[in-house]
Amino acid sequence: MKRAIFPGSFDPITLGHYDIIKRAVNLFDEVIVAIGINAEKKYMFSLEERMQFIKEAFANEPKVTVVSYQGLTVDFCKKNNVKFILRGLRNPADFEFEKAIAHTNRDLAPIETVFLLTAADTSYISSSIVRDVIRNNGDYTKLVPKSVRVK
C-alpha cells in the first residue's frame, strides 16, 4: 500500500493545497493530510477548525485521512509506515526550501519526497495571503475550498 503524508499547518487549507491533495489521490492508496502542531506558532484558526475544513473538503474521498502530529515528519512516517512525503511547489523559492528539507529527511530516514507543481491558476495562493485577505475583510472565498468559513 502506497501511503503519503502531506504535512503542513493548513492555516487555512487553500485551493492550492486542495489541488495537490486531489491529484495525489490518483498516485497513492492513501493521502494523510497531517497538520503539524507548533506551540511557538500563532494560528488564525484552531487545530479543530483546520481539521474540520479539510475533512469537509474531502468528505467524499475515502483515500484522504486527516490527522495532527507533533515532532519531526520523518518520525511520524516511521511510526506509521509511511514511505512518501508529498509537497507542493509554487515557485523556484519553494523548490530551494523544500529541496533542503527533502535531503535532510532522506538522511534521517528512508523516505522519499514527492513534489507536485501547483496548478497555474492556484500557484499564487498561500495561507499567509489568505489570512491577510481575511484580516482585511476581503473576499477570501475565491482562494479556499467551500469548507473554509470565517466566523
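An unreviewed UniProt entry lists the chain under the name Phosphopantetheine adenylyltransferase, from Hanstruepera neustonica. For the chain, the Catalytic activity (unreviewed entry) comment in UniProt is given as "(R)-4'-phosphopantetheine + ATP + H(+) = 3'-dephospho-CoA + diphosphate". Per UniProt, the chain has the following entry under Pathway (unreviewed entry): "Cofactor biosynthesis; coenzyme A biosynthesis; CoA from (R)-pantothenate: step 4/5."

(A) The UniProt feature "binding site: substrate" (unreviewed entry) in the chain, seen in detail. Mapped onto the present numbering, the UniProt feature "binding site: substrate" (unreviewed entry) falls at Ser-9, Lys-41, Thr-73 and Arg-87. For Lys-41, the position within the fold is in the loop between β2 (30-36) and α2 (47-57). Note on Lys-41: relative accessible area 41%, which makes it partly exposed. Of the polar contacts made by the side chain of Lys-41, one reaches the side chain of Ser-9; its length is 3.5 Å. In this fold, Thr-73 is placed in helix α3 (residues 73-79). According to the relative accessible area criterion, Thr-73 is buried, its value standing at 16%. Setting aside residues up to four positions removed in sequence, Thr-73 forms contacts with Ile-5, Pro-7 and Ile-85. A distance of 2.6 Å separates the side chain of Thr-73 from the side chain of Tyr-69, its partner in a polar contact.

(B) Examining unusual backbone geometry more closely. Cis geometry marks the peptide bond from Asp-11 to Pro-12; its omega dihedral reads 0 degrees. In this fold, Pro-12 is placed in the loop between β1 (3-8) and α1 (15-24). Even without being a glycine, Phe-10 presents a positive backbone phi close to 50 degrees. Looking at where Phe-10 falls in the secondary structure, it is placed in the loop between β1 and α1.

(C) Quick look at the nonpolar core. Core analysis: the largest hydrophobic core is formed by 30 residues, its most contacted members being Ile-21, Val-31, Ile-54 and Leu-86. When residues of this core are traced back to their parent elements, those giving at least two are β1, α1, β2, α2, β3 (64-69) and α5 (127-135). Broken down by element, the residue count for this core peaks at five residues, all from α2.

Thresholds, definitions, all that
- Residues numbered from 1 in each chain as written.
- Predicted model: local features only at pLDDT ≥ 70, side-chain atom pairs only at ≥ 80, totals over all residues.
- Heavy atoms only, no water.
- UniProt positions renumbered as here; feature names shortened; annotations may be inferred.
- Helix = DSSP H or I, 4+ residues; strand = E, 2+ residues; numbered from the N terminus.
- Buried < 20%, exposed > 50% of the residue type's maximum accessible area, 1.4 Å probe, protein only.
- Polar contact = N/O pair within 3.5 Å; in protein donor to acceptor, adjacent residues only side chain to side chain.
- Contact = heavy atoms within 4.5 Å.
- Core = buried A, V, L, I, M, F, W, Y, C linked by side-chain atoms within 4.5 Å.

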